[in-house]
Amino acid sequence: MKFADIAGHADTIEALRQMADSGKIPHAILLSGISGIGKLRLARAFAQYIHCSNRHDGDSCGACPSCLQHQKHNNPDLHFIYPVVKRDGCSVSTDYIEPWKEMISEWSYMPPEKWNDLIQAGNSQPAIFVNESEDIISRASLSAFQEDYKIFLIWLPEKLRIEAANKLLKIIEEPFEDTLFILVSNDDSKLLPTIFSRTQRFNLRPLSGTDIATHLSASKGIGKELADAASRIAEGSMGKAEALACHPDEILEFSDLFKETMRMAYGLKAQALKALSERCASMGREKLLRFLSYCARMVRENFIYNMKMPQISLMTPDEEQFSFRFSPFIHEGNVENLSSEISRAATDIERNANAKIVMFDLMLLLSQGVRTPKPAVLPL
């Protein structure tokens, strides 16, 4: 991975490049921002740049032995750490190296739900456990194999168990001279404060629509119309844009299900809503969470559309066609409650509540919500 492969983040790339060129690299760096904006790609490009023996034109060469090892994911001085599930004696990152290589090769914008699928997490919550910290400390005590630095690249450090994070405090604060830590976080507010304070932080912004559309067209061969549509509704996330543009079937499924749900909810069709809730529950937790996220977005976008601000509404043409008639039912009298109930349902699902019960309860609450009349406007 080279800096040239990174969409956006020019200021951060320049800052990282200057650090490496000066030889004054902080012992611990934190790259944070929303999921899907290329933080791990940037971390990998930075690690390759540090190890490259023939840097030129502000980038790694891509051809020296170190760069070639990086591209094949087998440089002995780059150690990937990531959340896993405990199963059949597997509890550290190296136990899941094959799905990890598939992940960073095929899904390099790192949607967490895809990682959960690859490691077959099911209803388990992947985490970084204390024995992983012990393994890091053991490997850090050894000299670098061939490079000037050995680099520990930790994806989702907010998934560190408290005992695992505490065990890493000393080595992150006072590492060996040839040891660097690069942390890549989707939510640094969940990071242990004592870890957070020991890093030099870079907060990466969401990508621009232009950066996203250009990448989809150039790297994925996506047509301009679809690339532009995906970039509009991706909310700055390349990962989300790729999922929309390269795998649109799920979005179409969610769109049809959302439409049917709202029609049945407004019509007080209790039996139909029960059937829909069971259909949703059968998706499995991760897909159901994605559907609830889709519902939350559609409630928000319909409220914006109803406020007569379609120019800032982030919807596909198909979604906008439905919203032309549906948006009047999402207004200031119910939007907050609808959003809150969807969020509460997602939280319950994350905590492994019974999906059939949660979804049927949500369907009934949505039925009540969408039938709430719009508040009367009082004359001045």
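In the block above lies the structure referred to throughout.
Residues numbered from 1 in each chain as written. Predicted model: local features only at pLDDT ≥ 70, side-chain atom pairs only at ≥ 80, totals over all residues. Heavy atoms only, no water.

**Thoughts on the overall build of the protein chain**
Here's step 1: Along the protein chain, the regular secondary structure elements total 17 helices and 5 strands.
Here's step 2: Summarising its shape, the C-alpha atoms of the protein chain cover approximately 70 × 45 × 45 Å along the three principal directions.
Here's step 3: Here the protein chain, with 380 residues, has 50% of them falling under the buried criterion.
Here's step 4: For the protein chain, long-range pairs separated by at least 24 residues make up 74% of all intrachain contacts whose partners lie at least 6 apart in sequence.
Here's step 5: Just so you have it, the protein chain exposes about 18,300 Å², and 52% of that area is on carbon and sulfur atoms.
Here's step 6: Side chains of the protein chain carry 43 positive and 49 negative charges; the gap between the two charge centres is 4 Å. (Helix = DSSP H or I, 4+ residues; strand = E, 2+ residues; numbered from the N terminus. Buried < 20%, exposed > 50% of the residue type's maximum accessible area, 1.4 Å probe, protein only. Contact = heavy atoms within 4.5 Å. Areas by Shrake-Rupley, 256 points an atom, 1.4 Å probe, with all protein chains shown as cover. Lys, Arg positive; Asp, Glu negative; His and termini not counted. Charge placed at Lys NZ, Arg CZ, Asp CG, Glu CD.)

**Details of helix 14 (residues 285–306)**
Here's step 1: The terminal C-alpha atoms of helix 14, which comprises 22 residues, lie 31 Å apart, in line with the 32 Å expected from a rise of 1.5 Å per residue.
Here's step 2: The buried fraction of helix 14 amounts to 16 of the 22 residues, a majority that puts the element mostly inside the structure.
Here's step 3: At the C-terminal side of helix 14, Lys-308 shows a positive phi close to 65 degrees. (Expected span 1.5 Å × (residues − 1).)

**Some remarks on the side chain of Glu-319**
Here's step 1: Assignment of secondary structure puts Glu-319 in helix 15 (residues 317–326).
Here's step 2: Using a relative accessible area of 1% as the deciding quantity, one classes Glu-319 as buried.
Here's step 3: A polar contact of 2.9 Å, which involves the side chain of Glu-319, links it to the side chain of Arg-297. (Polar contact = N/O pair within 3.5 Å; in protein donor to acceptor, adjacent residues only side chain to side chain.)

**Concerning the sheet that holds strand 1 (residues 28–32)**
Each strand in a sheet pairs with its neighbour through backbone hydrogen bonds, running either in the same direction (parallel) or in the opposite one (antiparallel).
Here's step 1: Taken together, 5 strands build an open sheet; the order of strands is 2-3-4-1-5 and the sheet is parallel. On the outer flanks of this sheet lie strand 2 (78–81) and strand 5 (200–203), each paired with one strand and no other. Here the strands of the sheet are splayed against their neighbours by 15 degrees on average, with no regard to which way each runs.
Here's step 2: With 4 bridges joining them, strand 2 and strand 3 (residues 150–155) adopt parallel strand pairing. Bridge pairing in strand 3 places Leu-78 opposite Ile-151. (Pairing = 2+ DSSP bridges. Axes fitted to C-alpha atoms, helices over the stretch in contact; angles between N-to-C directions.)

So, to be careful, I would describe these as geometric facts and stop short of saying anything about function.
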